[in-house]
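Given next are the chains, with one letter for each unit.
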Amino acid sequence: MNPLKASRLLKMLSNEVNLQILSVLRAGSFNPRELARILHRNETDVSRRLKALERMGIIEGRWVRVGGKNVRMYSLKVEGVNISFRPGGVFIKTSERQEYSLPLSGERAPEIGDFFGRKGEIELLRSSREKVIAVYGIAGIGKTSLAVKAFPDAFWYQAEETEGFDYFVWQLGIHLNALGFPHLLEYLRAGGREERDEFELALRGIEETGATIVIDDLHRCGDEKMGRFLTFLVEGLKNGKVVLLSRERPSIGTENVLYIRLEGLDVKSAYRLFKARGGRDDPKEFAGVYRLTRGHPLAIVLFAQASSSGVDASGNFFDFLMSEVYGRLTEKERLLLQILSLFEEPLEYEAIKAIFPGRNVFAPLYALVRKGLVERRGELYFTHDLIRGFVERVRDVESEEYYGTYIDYLLRKGSARDFLRAFKYAVLLGDEERIKALIEERLRKFKRVVQDFQGAYLSLLSKAPQTPQVRSEMGRVYFQRGFFEKALGIWLDVEGKLDGIFRADVLTSIADVYLELNDFEKAEEYLEKLREAIEENPDPEIELWYYVIKTKLHYYRGEVKEGLESAFKELNVAKRLGYYPELEAMVYLHIGDIYSEMERPEEAIRYYLLALQVAKAYSLSFLEHICYMELTKVYFHLGEYEKAVEEGGRAIDYFTHIRNYRRAVDTLSYHFLALIGLGELEKAEEDAKEMLRMAQGSNYPLAWAGYIFLATIEKMRGGNWEEYLHLGKERLRGYPWLYEAVLEETARVVDVEEF
Ligand code: ADP
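Each chain has its residues counted from 1, running along the sequence as written. Local features in a predicted model are, by the rule used here, given only for residues with pLDDT of at least 70; side-chain atom pairs are given and counted only at 80 or more, and totals for whole chains, interfaces and linings are based on all residues. The basis for the side-chain values is all heavy atoms of the structure; hydrogens and waters are excluded.

### Looking at the overall build of the protein chain
Right, so step 1: Summing up its helical and strand segments, the protein chain has 38 helices and 12 strands in all.
Right, so step 2: Our radius of gyration looks at C-alpha atoms and nothing else; its globule reference is 2.2 Å times the residue count to the power 0.38. Computed over its C-alpha atoms, the radius of gyration of the protein chain comes to 30 Å, within 12% of the 27 Å expected for a compact globule of 755 residues.
Right, so step 3: Its C-alpha atoms give the protein chain principal-axis dimensions of about 100 × 65 × 60 Å.
Right, so step 4: Counting across all 755 residues of the protein chain, residues that qualify as buried make up 56%.
Right, so step 5: Any two residues having at least one pair of non-hydrogen atoms within 4.5 Å are treated as being in contact. Look at the contacts in the protein chain between residues 6 or more apart in sequence, and 65% of them connect residues 24 or more apart. Secondary structure elements are defined from DSSP: runs of H or I of at least 4 residues count as helices, runs of E of at least 2 residues count as strands, and each element is numbered from the N terminus. Whether a residue is buried, partly exposed or exposed follows from its accessible area with a 1.4 Å probe, protein chains only, as a fraction of its type maximum: under 20%, in between, or over 50%, in that order.

Quick look at the structure:
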């Protein structure tokens, strides 16, 4: 490798985002869009990075043709990069399969400068028997610096007010995936959102990988779910480590938690810090500084900046110190500091550039970092709470202007996370127009926000002015959580107060809830209203919603022909809307389902395979496995048992891993029957037992059919089957139609007349 290329490669590998991408690619091949979604980053940026990594030969891209379009898929080309120092130079190899370990993590620990003292605390942190450790103390006392020093490779999570557990768990999923535990990430990607599952998968992941996790500024996170999660960890964690940094002592019980209250530095370390930050080498003078600061590191840094240290200890000493330091800043530095102090969360350099009026933000920003007034964490910059408190009192810039510019910046970036941030600032401004515009963006572009960030979105919505649009969105979250009646109540109430896309959304939603509640007439009534709305105001997006619901309605009613027709319309509009693979795959699936219902298995298979192709090409693993599940059924019905067993096996593994027991059981039942069809009784018996295990945990009624299946096997073996049959009948007593259906399907492969 030539030197230029080598150094470029090293640079690339030292970039956090690139490392994240590589770590996700460990799990398989991905297209840029899916990667962008997982990493909550902008798609163009991700594509650019992928191309660069490909040029370096670390990953490879290939074109896959799906549904008439070409899609670029990327996967790892090498398992690692080898760097060796030899006489004559440094050698880097990427072509051979060599081990090379990189500290991969979802979010990395901030960088810190010189570090002094705290030997005892570091030792305590590293060797503690308790696996959950809470370090607490006032702002600027050195919690972050201590944790970075003790655990430089930890997964770092910077808690923020708006993001809460939902965001945390995604990041954790990415991190654990990089460490070789893919199941949490898979679960989330598949849309799983059961609290218990998330907690258990997270715990298992931390246990199995022995990961260390730091949650910084925990006091900012008001999400109760996070509190429940931590309590859960305290009970179960044996192997990994979780470090919580907070201003207050977190209340997560007294057992199994080590609490460390952080105090100032000892004199010696404090003095070293003082001198390192430009303070005068005068022990006598420093004695006075130490008395005042009691070793508080941030105060010491400021002292080193101030011209005199003959500070008057009466009154607010910190403010006195700050005004001294502040008074010596340039005009530009002051303005920048004021702007930064408007934001609670760390900002990236690009964002600061976008909101700082005029050009050249670089110089003042670095001056502030040097002076200890702005902290840098990785790519992010922020002002310490203590300093922000001071600046707030002298600030003369208005938040509106800067929040507005920041919102625009975030929307240009365009990930779901950026959307939520933008929403937060619109709410802070109480700006109804902006909120409305953002909700429209949500409806058109950020559809998954409601699934992926339920908690965070709901909490923002509840702080916003309660306009009909906002309330309608809250209904959407309730619906997502299964509170159908509550959602319906809200939607019926706001329907007359909305127009345009907002009204169309509510009409769609109402029709959908009625479908879920099996009230087909009402569903049809609202569907009709939606149709009229489209006629007045055509919009392909809304047309799509219309056909999705219409297909569902016909399907539920058993009107297969109309359903099929509507499904093809869906497909058409979906294609007109452009790049929309999830939807395309879904529509193919629906069409397959309808053909299957019409007992036209060949056509059903054709559409399932189309859906499978799209799902694979875009790494939509959940859909991919739904396809395997459906194929299992159709192949079984066609008597192609071997194929049914093969496809079924894939689906079962996947759904079991992501804890979707309903789907796992559905597939297991056909897998079982196909094995019976092949005469593989022993393997089939395993399936039946597996179903019963799942029945215990999930209470999904079909799982109890495991008993009927055991009875089937016993009967074939000439054993005692009555007992099992009895148990099965007992369990399925409340579901006579289910019992009938099971018998009907079983009768295809074995005679169960006597049942
Ligand atoms: P906290 O997380 O408690 O708010 P930080 O860790 O951000 O505090 O520390 C505040 C400032 O003090 C930072 O600028 C940091 O560099 C400095 N600092 C804290 N602890 C030490 C230490 N042990 N040695 C050197 N500098 C420190």
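### Re the pattern of salt bridges
Right, so step 1: By convention in these notes, a salt bridge is any Lys or Arg side-chain nitrogen within 4 Å of a carboxyl oxygen on Asp or Glu. Using the criterion set out here, one finds 55 salt bridges in the structure.
Right, so step 2: Among the salt bridges present, the one from Arg 37 reaches Glu 34, with a minimum N-O distance of 3.9 Å. Here Glu 34 and Arg 37 lie together in helix H3 (residues 32–39), a separation of 3 residues that amounts to about one turn.
Right, so step 3: For Glu 54, the salt bridge goes to Arg 72, with nearest N and O atoms at 2.6 Å. Taken as a pair, Glu 54 in helix H4 (residues 43–55) and Arg 72 in strand E2 (residues 69–76) lie far apart in primary sequence, 18 residues in all.

### Side note on the nonpolar core
Right, so step 1: Only buried residues count toward a nonpolar core. Its members are Ala, Val, Leu, Ile, Met, Phe, Trp, Tyr and Cys residues joined through side-chain atoms within 4.5 Å. Membership of the largest hydrophobic core comes to 252 residues, with the highest contact counts inside it found for Phe 168, Ile 215, Phe 343, Phe 423 and Tyr 457.
Right, so step 2: Element by element, the count of residues in this core is highest for helix H26 (residues 500–516), at 10 residues.
Right, so step 3: If sequence neighbours within four positions are ignored, Phe 343 has contacts with Ile 355, Arg 388, Tyr 402, Tyr 403, Tyr 406 and Tyr 425.
Right, so step 4: Grouped together as the second largest cluster of nonpolar side chains are 19 residues, Leu 125, Ala 147, Leu 245 and Leu 258 included.

### Observations concerning the sheet that holds strand E8 (residues 241–246)
Right, so step 1: Here we have 5 strands laid out as an open sheet, ordered E6-E7-E8-E5-E9, and parallel in their pairing. Only two strands of the sheet have a single neighbouring strand rather than two, namely strand E6 (155–158) and strand E9 (257–261). Across the sheet, the axes of successive neighbouring strands diverge by a mean angle of 15°, strand direction being ignored.
Right, so step 2: A pair of strands is considered paired only if DSSP assigns at least 2 bridges between the two. As judged from the 5 bridges shared by strand E5 (residues 132–136) and E8, these two strands associate in the parallel manner. Bridge pairing links Ala 134 to Leu 244 in E8. Angles run from 0 to 180 degrees between N-to-C directions of axes, and those axes are lines fitted to C-alpha atoms, restricted for helices to the stretch in contact.

### A look at the sheet that holds strand E11 (residues 374–377)
Right, so step 1: The 3 strands lie next to each other as E10-E12-E11, forming an open sheet whose pairing is antiparallel. Only two strands of the sheet have a single neighbouring strand rather than two, namely strand E10 (347–348) and E11.
Right, so step 2: Packing of helix H17 (residues 362–370) onto the sheet brings it into contact with E11 and strand E12 (380–383), and relative to E11 it is tilted by some 95°.

### A look at helix H7 (residues 164–178)
Right, so step 1: Taking 1.5 Å per residue, 15 residues should reach 21 Å; H7 reaches 22 Å between its end C-alpha atoms and fits that length.
Right, so step 2: Along H7, 15 of the 15 residues are buried, which leaves the element largely enclosed by surrounding structure.
Right, so step 3: Gly 180, located one to two residues past H7, shows a positive phi value of around 100°. Helices are assigned an expected span. That span is 1.5 Å times one less than the residue count.

### Looking at the side chain of Glu 685
Right, so step 1: Locating Glu 685 in the fold gives a position in helix H35 (residues 681–698).
Right, so step 2: Contact partners of Glu 685, with chain neighbours within four places excluded, come to Leu 710, Ile 713 and Arg 717.

### Here we look at helix H38 (residues 736–746)
Right, so step 1: Inspection of H38 places Leu 738, Tyr 739, Val 742, Leu 743, Glu 745 and Thr 746 among the buried residues, and these make up the whole buried set. Each buried residue of H38 lies within a common arc of 165° when the element is viewed along its axis, so the set occupies one face. Exposed residues lying more than 90 degrees from the buried face of H38 are Trp 737 and Glu 744.
Right, so step 2: In the core, the buried residues of H38 are packed alongside helix H32 (621–638), helix H34 (661–678), helix H36 (705–717) and helix H37 (722–731). What the arc covers is the set of directions going from the helix axis to the C-beta atoms.

### Overview of the site of the ligand
Right, so step 1: Proximity is defined per residue: any heavy atom of the residue falling within 4 Å of a molecule or strand makes that residue near it. Lining the immediate surroundings of the ligand are 19 residues, of which Lys 143, Thr 144, Ser 145, Glu 375 and His 384 lie closest.
Right, so step 2: Interatomic distance of 2.7 Å between a side-chain N/O atom of Ser 145 and an oxygen atom of the ligand.
Right, so step 3: Whenever a nitrogen or oxygen atom comes within 3.5 Å of another N or O atom, the pair is scored as a polar contact, on the condition that within protein one atom can donate a hydrogen and the other can accept it, and that pairs from neighbouring residues in sequence are kept only if both atoms are in side chains. For the ligand, an oxygen atom lies 2.9 Å from a polar atom in the side chain of His 384.
Right, so step 4: Protein chains bury 95% of the 550 Å² of accessible surface belonging to the ligand in isolation.
Right, so step 5: The element best represented in the shell around the ligand is helix H6 (residues 143–150), accounting for 3 residues.
Right, so step 6: Grouping the amino acids of the shell around the ligand by side-chain chemistry returns 9 nonpolar, 5 polar and 5 charged. The protein chains shown are the only cover counted for residues, whose accessible areas, like all others here, come from Shrake-Rupley with a 1.4 Å probe. Think of it as three bins: nonpolar holds Ala, Val, Leu, Ile, Met, Phe, Trp, Tyr, Cys and Pro, charged holds Asp, Glu, Lys and Arg, and polar takes everything else, Gly as well.

### Examining the environment of Leu 692
Right, so step 1: Mapping Leu 692 onto the fold places it in helix H35.
Right, so step 2: C-alpha separation for the pair Leu 692 and Gly 706, spaced 14 residues apart in sequence, amounts to 5.4 Å.
Right, so step 3: Beyond its immediate chain neighbours, meaning those up to four positions away, Leu 692 contacts Ala 703, Trp 704, Gly 706, Tyr 707 and Leu 710.

### Here we look at a positive patch on the surface
Right, so step 1: Patch construction takes residues with relative accessible area above 30% that form no salt bridge. Like charges are linked within 9 Å, and nonpolar side chains (Val, Leu, Ile, Met, Phe, Trp, Tyr) are linked within 5 Å. The charge count treats Lys and Arg as positive and Asp and Glu as negative. His and the chain ends do not count. Where a charge lies is defined by one atom per residue type, namely NZ (Lys), CZ (Arg), CG (Asp) and CD (Glu). Positive charge collects at one region of the surface, where Lys 119, Arg 126, Lys 149, Lys 268, Arg 272 and Lys 275 lie side by side.
Right, so step 2: With 3 residues, helix H11 (residues 267–276) is the largest single contributor of residues to the positive patch.
Right, so step 3: As for its placement among the helices and strands, Lys 275 is situated in helix H11.

### Quick word on unusual backbone geometry
Right, so step 1: Phi angles above zero are rare outside glycine, and Glu 599 is one such case at about 55°.
Right, so step 2: Relative to the helices and strands, Glu 599 resides in the loop between helix H30 (581–597) and helix H31 (601–617).
Right, so step 3: For Glu 599, a relative accessible area of 68% translates into the label exposed.
Right, so step 4: Phi is positive for Arg 659, close to 60°, though the residue is something other than glycine.
Right, so step 5: In this fold, Arg 659 is placed in the loop between helix H33 (641–657) and H34.

### Concerning the pairing of E12
Right, so step 1: The pairing of E10 with E12 spans 2 bridges and is classified as antiparallel. Bridged to Glu 348 within E12 is Leu 380.
Right, so step 2: Bridge count between E11 and E12: 4 bridges; the pairing is antiparallel. Looking across to E12, one finds that Val 374 is bridged to Thr 383.

### Concerning the packing of H35 against H36
Right, so step 1: In contact at an axis separation of 8 Å, H35 and H36 are set at 155° when each is read in the N-to-C sense. As summarised for this structure, H35 and H36 are arranged roughly antiparallel, according to the angle between their axes. Relative to H36, the crossing made by H35 is left-handed. Across from Leu 681, Glu 682, Ala 684, Glu 685, Ala 688, Lys 689, Met 691 and Leu 692 in H35, the residues of H36 making contact are Ala 705, Gly 706, Tyr 707, Phe 709, Leu 710, Ile 713, Met 716 and Arg 717.
Right, so step 2: For the contact of H35 with H36, the residue count by class is 11 nonpolar, 1 polar and 4 charged. An angle counts as roughly parallel when it lies under 35 degrees, as roughly antiparallel when it exceeds 145, as roughly perpendicular when it falls between 65 and 115, and as oblique in every other case. Helix crossings are classified by the rotation of the near helix relative to the far one: an anticlockwise turn of less than a right angle makes the crossing left-handed, while a clockwise turn makes it right-handed.

### Concerning the confidence of the model for the protein chain
Detailed reading of the predicted coordinates is not advisable wherever pLDDT falls low.
Right, so step 1: Each residue carries a pLDDT score, the predictor's own confidence in it, on a scale running from 0 to 100. With 93% of its residues at a pLDDT of at least 70, the protein chain reaches an overall mean of 87.
Right, so step 2: The element-level mean pLDDT for the protein chain is lowest in strand E4 (residues 89–93), coming to 64, with helix H27 (residues 520–536) highest at 96.
Right, so step 3: Counting contacts from residues 96–106, a segment whose pLDDT is below 50, to residues more than four positions away or on other chains yields 29 contacts.

### Things to note about the environment of Arg 261
Right, so step 1: Tracing the backbone through its elements, the reader meets Arg 261 in strand E9.
Right, so step 2: Between the C-alpha atom of Arg 261 and that of Leu 218, which follows or precedes it by 43 residues, the distance is 15 Å.

### Here we look at the pairing of E9
Along a regular strand, successive side chains alternate from one face of the sheet to the other.
Right, so step 1: In terms of burial, E9 is a largely internal element, 4 of the 5 residues being buried.
Right, so step 2: Both E5 and E9 contribute to a ladder of 5 bridges, which runs parallel. Residue pairing for E9: Tyr 136 is matched across the bridge by Arg 261.

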